[in-house]
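Notes for the structure review
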Amino acid sequence: MRPAVWRIFSIFVASLLLHTAAARTGGPPNVVIMFCDDMGYADIGSFGAKGYKTPHLDRMAKEGVKFTNFHVASAVCSASRIALLTGCYNTRVGIRGALGPKTQYGINKQEMTIAELVKQKNYATAIYGKWHLGHLEPFLPTNHGFDEFYGIPYSNDMWPYHPGVRHLPMADRLKKWPHLPLFEGTQIINSKVTPEDQRKLTTAFAERAVGFIERNAEKPFFLYVPHAQPHVPLFVSDKFRDKTERGLFGDVISEIDWSMGQILDALKRTGNDRNTLVLFTSDNGPWLSYGDHAGSTGPLREGKGTSWEGGVRVPFIARWPGKIPAGKTVAEPAMTIDILPTIAGLIGGELPGHKIDGKNIWPLLTAQKGAISPQEAYWVYYGNNQLQAVISGRWKLLLPHTYRTMDGKPGGEDGTPNRYTNLKLKQPELYDLIADVSETTDLADKYPAVMKQLLAHANAAYADLGDGPLKKKGPGIRPAGQLPDGN
């Protein structure tokens, strides 16, 4: 090809590529959510992590907004995930705790997930990672709006290598924990996931995510990457092992950070960088009893499995170049239940006919001047539908309940946990989360008017979703999904 012709051809190709990339910025936005497992508030660089670096997540924070007062609805796996995906408190939709391999129920087909919401606009949808909303076929992701699923059905410690059974012969271990399966769609493609298999999962989820972006670059897509890490047992690929001062935990977070980098690079490479909302957060705080294999809550009190801030306040970053301003910090309270209605607002989607609890937080995501939380109060649940806390503005009400704590003891080492102590909160307590984020000083006696207001919010929760002193079932609770008769 002659030089002049080559120049014309090159200009044509460049123009075509620019036109294609520009065309992808129109229409409804893509959405990517990365949801880590047991990552603490202070486990990434922009939130105070030490002993390792998270350059890609820190870049997200610099190019977008980070929320310093973002919460999950419940500090445990399944309950937290159902709240994210349905915009509802877990109690409302009948999912409690962490569903296991013997659980016979899961997400109800009547609930609308984010994947089903975006299907209204013909999105491609995929999940690569940990599901944990029911392992039996009717409850699996591809029956709830997802086109693709590659991952594990529940937590990666629900297997015969659990520290509680490692001392037993394998036959006895399997009575407690069956082998961990790996799914592709509704099919088990590996019925006995091994430790070596687990070392490859974070990278595998990232590679699947990149492939999905590349295959769907010309249409809107929703990508959900709920990593199985840093939930114990910790596993990392060889390329990241022994690379940080923090040991195995730091190595694991470094690989998660790398996975976000791979996704961001794929978005840019396919021309989707400026038409994609990317969200990053965690399902709850760190599992403190595991010591050196657990993360950090920074200044926050307690961790996973509690309704103190260390259990329910998590890192949250949102990035969308050109739509979300760069380098902003939002201190207003928000919660995972708000993500579904926010996405609905962005794509013009129709919310479900039944009640949901989340509200659109787009003004907060875009750090609009003077924007405040659209919620008067957030309810925090744990255990058997127990309301344990109410958050309203700067205030947090802790209601009487029993909670677990290390009580000054160190956590365990090398993947073996130390024992918790159970303590009982006998009276309601009030904390100012702005002046006292560590929840050290009970202000219940000092601010009776605030106590009255927050107790009124608690009574509204009791009237809707039950619990409370009389332990009544609330009229607003919908059932979890059940197996068809005969199964």
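Keep in mind that this is a model prediction, so the values were computed, not measured.

**Describing the overall build of the chain**
- If you tally the helices and strands in the chain, you get 12 helices and 22 strands.
- Computed over C-alpha atoms, the radius of gyration of the chain comes to 23 Å, within 12% of the 23 Å expected from 2.2 N^0.38 for 487 residues, which places it in the range of a compact globule.
- On the principal axes, the C-alpha backbone points of the chain span a range of 85 × 60 × 55 Å.
- Counting the 487 residues in the chain, one finds 59% classified as buried.
- Contacts in the chain between residues at least 24 apart in sequence constitute 70% of all its contacts with a sequence separation of at least 6.
- Carbon and sulfur atoms make up 53% of the accessible area of the chain, which totals about 19800 Å².
- Charge separation in the chain, taken as the distance between the mean sites of 55 positive and 47 negative side-chain charges, equals 2 Å.

**Considerations on the environment of Val118**
- Within the element layout of this structure, Val118 appears in helix H4 (residues 114-119).
- On a C-alpha basis, the gap between Val118 and Leu140 in space is 18 Å, while along the polypeptide they are 22 residues apart.
- Apart from residues no more than four positions distant in its own chain, Val118 is found in contact with Tyr123, Thr125, Phe222, Ile343 and Ile347.

**Thoughts on the pattern of salt bridges**
- Summed over the entire model, instances satisfying the criterion amount to 22 salt bridges.
- Asp283 serves as the salt-bridge partner of Arg81, at 3.0 Å between the closest nitrogen and oxygen. One end of the pair, Arg81, is in helix H3 (residues 77-86); the other, Asp283, is in the loop between strand E10 (276-282) and helix H9 (309-312), with 202 residues separating them in the sequence. For the pair Arg81 and Asp283, a shared accessibility class is recorded, and that class is buried.

**Focus: the environment of Thr416**
- Tracing the sequence through the fold places Thr416 in the loop between strand E17 (401-405) and strand E18 (421-425).
- Judged by relative accessible area, which is 38%, Thr416 ranks as partly exposed.
- The spacing of Thr416 and Asp292 is 124 residues in sequence and 9.6 Å in space, taken between C-alpha atoms.
- Within the local environment of Thr416, its side chain forms a polar contact with the side chain of Arg166, the two groups lying 3.1 Å apart.

**Looking at the pairing of E10**
- Within E10, seven of the seven residues are buried, leaving the element largely enclosed by the surrounding structure.
- Here seven bridges tie strand E1 (residues 30-36) to E10, and the two strands are oriented parallel to one another. Note on E10: the bridge partner recorded for Asn30 is Thr276.
- Both E10 and strand E11 (residues 316-319) contribute to a ladder of three bridges, which runs antiparallel. The residue bridging Phe280 from the neighbouring strand is Ile317, located in E11.

**Focus on the confidence of the model for the chain**
- Chain-level statistics for the chain give a pLDDT mean of 94 and a share of 94% at 70 or above.
- A low-confidence stretch, residues 1-23 (pLDDT under 50), is modelled with four contacts involving residues beyond four sequence positions or located in other chains.

**A word on the sheet that holds strand E8 (residues 187-190)**
- One open sheet holds the 10 strands; their spatial order is E8-E7-E6-E5-E9-E1-E10-E11-E2-E12, and the pairing between them is mixed. Of all strands in the sheet, those bounded by a partner on one side alone are E8 and strand E12 (328-330). Taking the axes of each pair of neighbouring strands and ignoring which way they run, one obtains an average angle of 15° across the sheet.
- As defined by bridge partners, strand E7 (residues 182-184) adjoins E8 across three bridges and the pair is classed as antiparallel. When the sheet's bridge partners are listed, Glu184 is paired in E8 with Gln187.
- Strands E1, E10 and E11 of the sheet are contacted by helix H10 (residues 339-347), whose axis makes an angle of about 170° with E1.

**Digging into the packing of aromatic side chains**
- This model, assessed by the stated rule, comprises 23 aromatic pairs.
- Ring geometry for Tyr89 versus Tyr381: centroids 5.9 Å apart, planes at 55°, classification tilted. Of this pair, Tyr89 sits in the loop between H3 and strand E4 (105-106) while Tyr381 sits in strand E14 (residues 378-382); the two residues are 292 residues apart in sequence, bridging distant segments of the chain. Each of the two residues, Tyr89 as well as Tyr381, counts as buried.
- Aromatic side chains Trp159 and Phe235 sit 6.1 Å apart centroid to centroid with 85° between the ring planes, which places their arrangement in the edge-to-face category.

**Looking at the packing of helix H2 (residues 55-63) against helix H8 (residues 248-269)**
- Contact geometry of H2 with H8 gives a least axis separation of 7 Å together with a crossing angle of 55°. The angle between the axes of H2 and H8 places the two elements in the oblique class. Contact with H2, carried on its side by Pro55, His56, Leu57, Arg59 and Met60, involves Asp257, Trp258, Met260, Gly261, Leu264 and Asp265 of H8 and no other residues of that element.
- Classifying every residue of the contact of H2 with H8 by side-chain character gives six nonpolar, two polar and three charged.

**What to know about the packing of helix H7 (residues 201-215) against H8**
- Two elements in contact, H7 and H8, have axes separated by 9 Å at closest approach and are oriented at 10°. Relative to H8, H7 is oriented roughly parallel. Facing H7, whose interface residues are Thr202, Thr203, Ala206, Ala209, Val210, Ile213 and Glu214, H8 presents Glu255, Ile256, Trp258, Ser259, Gln262, Ile263, Ala266, Leu267 and Arg269.
- Classifying every residue of the contact of H7 with H8 by side-chain character gives nine nonpolar, four polar and three charged.

Here is what the cut-offs are and how they apply
- Residues numbered from 1 in each chain as written.
- Predicted model: local features only at pLDDT ≥ 70, side-chain atom pairs only at ≥ 80, totals over all residues.
- Heavy atoms only, no water.
- Helix = DSSP H or I, 4+ residues; strand = E, 2+ residues; numbered from the N terminus.
- Rg over C-alpha atoms; globule rule 2.2 N^0.38 Å.
- Buried < 20%, exposed > 50% of the residue type's maximum accessible area, 1.4 Å probe, protein only.
- Contact = heavy atoms within 4.5 Å.
- Areas by Shrake-Rupley, 256 points an atom, 1.4 Å probe, with all protein chains shown as cover.
- Lys, Arg positive; Asp, Glu negative; His and termini not counted.
- Charge placed at Lys NZ, Arg CZ, Asp CG, Glu CD.
- Salt bridge = Lys/Arg side-chain N within 4 Å of Asp/Glu carboxyl O.
- Polar contact = N/O pair within 3.5 Å; in protein donor to acceptor, adjacent residues only side chain to side chain.
- Pairing = 2+ DSSP bridges.
- pLDDT = per-residue confidence, 0-100.
- Axes fitted to C-alpha atoms, helices over the stretch in contact; angles between N-to-C directions.
- Phe/Tyr/Trp six-rings, centres within 6.5 Å; stacked < 30°, edge-to-face > 60°.
- Parallel < 35°, antiparallel > 145°, perpendicular 65-115°, else oblique.
- Nonpolar A, V, L, I, M, F, W, Y, C, P; charged D, E, K, R; others polar.

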